[in-house]
Amino acid sequence: MMSVYEYALDVDKTPEEILKLAISLGFDVKDMDDLLDDYMITELDSAIASGNNLEEVIEEEIAELEENISKEEQIKEKHKVSNPAKKKPFNNKKDLANRKKEMYKNKTKLQSNAPINNDNVVLYREGMTIGEFANSLNVGAAEVIKKLFMLGIMANINNTISLENAELICLDYNKELKREETTDVTNFEEYEVIDDPKDLVKRPPVVTIMGHVDHGKTTLLDTIRKTNVVSTEAGGITQAISAYQVVYNNEPITFIDTPGHAAFTEMRARGAQITDIVIIIVAADDGVMPQTKEAVDHAKAAGVPIIVAINKMDKPGANPDRIMADLSEMGLTPEEWGGDTLYNKIIAQTGEGINELLENILLVAEMQEYKANPNRYAMGTVIEARLDKHLGPVTTVLIGNGTLRLGDPIVIGTAYGKVRTMRNDKGEEIMEAKPSLPVEITGINDVPTAGDKFMAFETEKEARSIGEARKTQARLKENASAGIVTLDALFNKIQEGIKEINVIVKADVNGSSEAVKNALEKIEVEGVRVKVIRSSVGAITESDIVLAKASNAIIIGFNIRPNNTIKERAKEAGVEIRPYNIIYKAVEEMEQAMKGMLDPVYEEKVIGEAEVRQLFKFSKVGIIAGSYVTDGIIKSNAKARLIRSGVVVYDGNIGSLQREKDAVKEVKKGLECGITIENFADIKVGDTIEAYEMVEVKQ
């Protein structure tokens with residue numbers, strides 16, 4: 001006599017496999033400690049020897065058992081089921097086979113019997129866990145797990161239960177299982193209402209400007225708005241999607257400014273999905289470039305009208321005919337050549353041709369008849385999202401339909417809340433936002449993802465319920481996809497000899513973090529690839545350091561600067577933090593590092609930090625930051641960054657350095673001083689001024 005454990009060890013099989021096989025052979029073996037007699041062992045040996053695949057052997061034995069059940073046994077089983085008082089739980093596969101036959105025979109009959117006692121009905125929903133099913137059945141989870149074990153299924157309380165297995169267990173308790181008919185609260189389309197044509201009114205067109213880097217997208221929008229956006233952008237490149245509304249001839253037009261660099265392909269694609277009209281801007285002296293072609297592809301994929309703006313017509317070498325010929329090959333044939341695409345020749349800096357471009361936009365909008373229903377709860381799309389130290393999550397949304405009002409309960413992606421404040425693109429507080437208006441809102445409990453859909457609801461309770469449900473479903477999907485590894489995939493990885501560089505991306509806004517992630521993962525170097533294990537918004541935290549240490553990852557901060565505590569923790573953990581403010585620099589350095597060709601010419605050396613404690617305003621000088629040097633030394637000729645809540649607000653040079661009304665060359669740690677920053681005055685108490693130098697490194 002030997003136990004299931006001992007026999008399994010003897011034949012080099014798992015105890016679970018032997019237990020399943022014993023049950024399939026009809027033996028009354030309930031657990032691993034049961035003893036096997038000589039007859040059982042002989043039968044088990046024979047079954048194992050009859051085939052190479054133990055699972056197939058077990059299935060064959062079960063099938064044979066089901067076929068050999070006598071009519072007399074079926075009748076007895078049927079009578080036994082009809083009398084709940086005499087009913088016994090199934091203990092082996094032979095009993096299970098009977099139950100399956102009975103279940104499918106009586107399923108229709110059970111469903112047709114009315115009325116049914118609600119106490120005898122168990123509701124089943126997709127993805128139901130064993131614990132939830134046990135509660136519905138009003139039994140302990142251990143009992144359900146035991147019954148699944150007798151079915152040959154190893155499970156725990158948090159595993160999901162299939163509909164078939166749930167039906168079998170309900171049958172054992174003489175209860176009926178019904179699939180629960182519920183609304184998918186995670187899908188906004190379930191709440192979508194078809195608008196009555198009488199309620200639809202004209203709405204402003206949403207226009208996206210696309211094109212290659214430095215072809216004048218932001219300058220064009222800058223001229224239209226008569227403001228200066230370009231000067232605030234690092235490297236002259238738009239780093240996040242922005243949305244603005246302008247009025248021309250008493251007609252409002254909403255513009256979305258998308259980045260033109262190749263690294264922002266995903267952001268550009270998102271812009272095309274929420275837009276009505278796309279303007280493809282091309283520099284007359286540069287021609288059609290790779291990102292221009294990508295922009296055209298995204299606009300075509302969105303199925304929206306396209307207007308081409310040929311910019312920089314005043315530049316030497318401007319050749320609009322060549323551009324029209326190149327774009328014609330891509331299906332954008334000019335109207336003057338017999339096509340249906342509108343072309344405008346402009347000079348964005350001076351404003352020449354801008355009025356004609358705006359007229360064409362309004363013409364296309366009139367032909368397309370864009371309409372919406374303002375008399376309903378709002379829905380739309382997230383343009384951008386960020387985390388503010390004082391306000392919390394701040395989200396820029398574009399209203400697609402309906403009207404968003406102050407105080408409306410709202411669900412955005414997996415986040416939810418109540419609209420606490422609402423500002424338009426000019427920074428003005430407003431009470432409501434009509435269709436096609438971009439607004440910045442606060443009051444959400446988390447930072448959503450750029451591109452997420454949002455919807456307003458009648459009550460805060462409903463918004464909370466739907467938001468939590470969407471978050472739970474997202475977590476379940478993430479858990480389901482995490483850790484799924486097949487032997488084939490593992491073998492391929494080993495054969496290919498792929499090495500992975502783990503990276504954690506932290507950025508100031510969500511769109512940038514997504515763009516950096518996508519750009520890094522697209523780097524192609526033979527034998528090596530980048531894997532972004534975390535991409536999020538906000539300052540670098542100790543949690544990021546812990547994850548980086550555990551996974552041997554590099555942390556890339558985009559417009560993010562770590563504080564002294566984080567720097568020390570990173571140094572202790574041996575984690576490298578690499579800060580950037582222009583994405584293609586991060587991509588270039590990562591690619592060179594992967595090729596083993598990274599030869600930096602200059603290295604940044606932080607020489608000191610000062611905390612702003614008081615502000616002094618002088619008419620001739622401007623804002624002087626009364627500061628306390630907390631680390632290192634501050635030099636008058638050093639470069640400086642202004643850091644607010646871990647995010648780089650400005651990067652420039654120190655304008656002047658004073659100590660007790662005297663101009664000085666340097667101030668050491670522990671002393672107070674007055675600091676001005678060249679061409680920047682938006683300094684606040686609590687900001688950190690980081691002084692650094694660029695030190696040449698020998699190759």
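Above this note sits the structure.
If you're wondering where the values come from, they're calculated on a predicted model, not measured in any experiment.

J.: Before we go on, may I ask you to explain a negative patch on the surface in this structure?
T.: On the surface, a cluster of negative charge is contributed by Asp214, Asp285, Asp286, Asp314, Glu352, Glu356 and Glu359. Within the fold, glutamate 356 resides in helix 14 (residues 354-368).

J.: Would you mind showing me how to read the environment of alanine 663 here?
T.: In this fold, alanine 663 is placed in strand 29 (residues 662-663). When its relative accessible area of 71% is taken as the criterion, alanine 663 is described as exposed. With 10 residues separating them along the chain, alanine 663 and cysteine 673 place their C-alpha atoms 9.7 Å apart. Apart from the residues within four sequence positions on either side, alanine 663 is in contact with Leu657 and Gln658.

J.: Explanation requested: the pairing of strand 10 (residues 306-311) in the structure shown.
T.: In summary, the side chains of a regular strand alternate between the two faces of the sheet. A large share of strand 10 lies buried, amounting to six of its six residues. Where burial is concerned, the two faces of strand 10 agree: the one with Ile306, Val308 and Ile310 and the one with Ile307, Ala309 and Asn311 are both buried. As paired strands, strand 9 (residues 277-283) and strand 10 are joined by six bridges and run parallel to one another. Across the sheet, residue valine 282 finds its bridge partner in strand 10, namely isoleucine 310.

J.: In this structure, what is going on with the sheet that holds strand 14 (residues 392-401)? I would like to understand it.
T.: Pairing is antiparallel in the closed barrel, where six strands are placed in the order 13-14-19-17-16-20. Geometrically, the sheet is characterised by an average inter-axis angle of 45° between neighbouring strands, direction not taken into account. Two elements, strand 16 (residues 409-412) and strand 17 (residues 415-423), share four bridges in a ladder whose sense is antiparallel. Paired with isoleucine 410 across the two strands is glycine 417, which belongs to strand 17.

J.: Sorry, what's going on with the packing of aromatic side chains here?
T.: Under the definition given, this model contains one aromatic pair. Note on tyrosine 650 and phenylalanine 680: the rings are 4.5 Å apart at their centroids and 15° apart in plane angle, and the pair reads as stacked. With tyrosine 650 in strand 28 (residues 647-659) and phenylalanine 680 in the loop between strand 31 (672-677) and strand 32 (688-696), this residue pair connects regions lying 30 residues apart in the sequence. Here phenylalanine 680 falls in the buried class, since its relative accessible area comes to 17%. It is arginine 641 that lies over the ring of tyrosine 692; its NZ or CZ is 4.0 Å from the centre.

J.: How should empty space enclosed by the protein be read in this particular structure?
T.: One water molecule sets the probe size; rolling that probe over the atoms shows where empty space is left. As enumerated under the stated definition, the model contains two cavities of 30 Å³ or more in all. Estimated volume of the largest cavity: approximately 40 Å³. Forming the walls of the largest cavity are Glu16, Leu19, Lys20, Ile23, Phe149, Gly152, Ile153 and Met154. For the lining of the largest cavity, the leading source of residues is helix 2 (residues 15-24), giving four residues. For the lining of the largest cavity, the per-class residue count stands at five nonpolar, one polar and two charged. The space that makes up the second largest cavity amounts to roughly 30 Å³. In terms of lining residues, the second largest cavity is bounded by Leu391, Val394, Thr421, Arg423, Glu440 and Thr442. Of all the elements in the fold, those that place two or more residues in the lining of the second largest cavity are strand 17 and strand 19 (438-444). Considering only residue class, the lining of the second largest cavity consists of two nonpolar, two polar and two charged.

J.: Just checking my understanding: could you explain the packing of helix 18 (residues 542-551) against helix 19 (residues 564-573) for this structure?
T.: Between two packed helices, what matters for the description is the angle formed by their axes and the separation of those axes. Where helix 18 meets helix 19, the closest approach of the two axes is 10 Å, and the angle between their N-to-C directions is 15°. One finds that helix 18 runs roughly parallel with respect to helix 19. Viewed along their axes, helix 18 and helix 19 form a crossing whose handedness is right-handed. Touching Glu542, Ile545, Val546 and Lys549 of helix 18 are Thr565, Ile566, Arg569, Ala570 and Ala573, all from helix 19.

The rules behind these values
Residues numbered from 1 in each chain as written. Predicted model: local features only at pLDDT ≥ 70, side-chain atom pairs only at ≥ 80, totals over all residues. Heavy atoms only, no water. Patch = residues over 30% accessible without salt bridge, like charges linked within 9 Å, V, L, I, M, F, W, Y side chains within 5 Å. Areas by Shrake-Rupley, 256 points an atom, 1.4 Å probe, with all protein chains shown as cover. Salt bridge = Lys/Arg side-chain N within 4 Å of Asp/Glu carboxyl O. Lys, Arg positive; Asp, Glu negative; His and termini not counted. Charge placed at Lys NZ, Arg CZ, Asp CG, Glu CD. Helix = DSSP H or I, 4+ residues; strand = E, 2+ residues; numbered from the N terminus. Buried < 20%, exposed > 50% of the residue type's maximum accessible area, 1.4 Å probe, protein only. Contact = heavy atoms within 4.5 Å. Pairing = 2+ DSSP bridges. Axes fitted to C-alpha atoms, helices over the stretch in contact; angles between N-to-C directions. Phe/Tyr/Trp six-rings, centres within 6.5 Å; stacked < 30°, edge-to-face > 60°. Lys NZ or Arg CZ within 6 Å of the ring centre and 35° of its normal. 1 Å grid on protein atoms, 1.4 Å probe; cavity = no way out; pocket = protein on both sides within 12 Å on 5 of 7 lines; lining within 4 Å. Points joined across faces, edges and corners; volume = space filled by probe spheres on them. Nonpolar A, V, L, I, M, F, W, Y, C, P; charged D, E, K, R; others polar. Parallel < 35°, antiparallel > 145°, perpendicular 65-115°, else oblique. Left-handed = near helix turned anticlockwise from the far one by under 90°.

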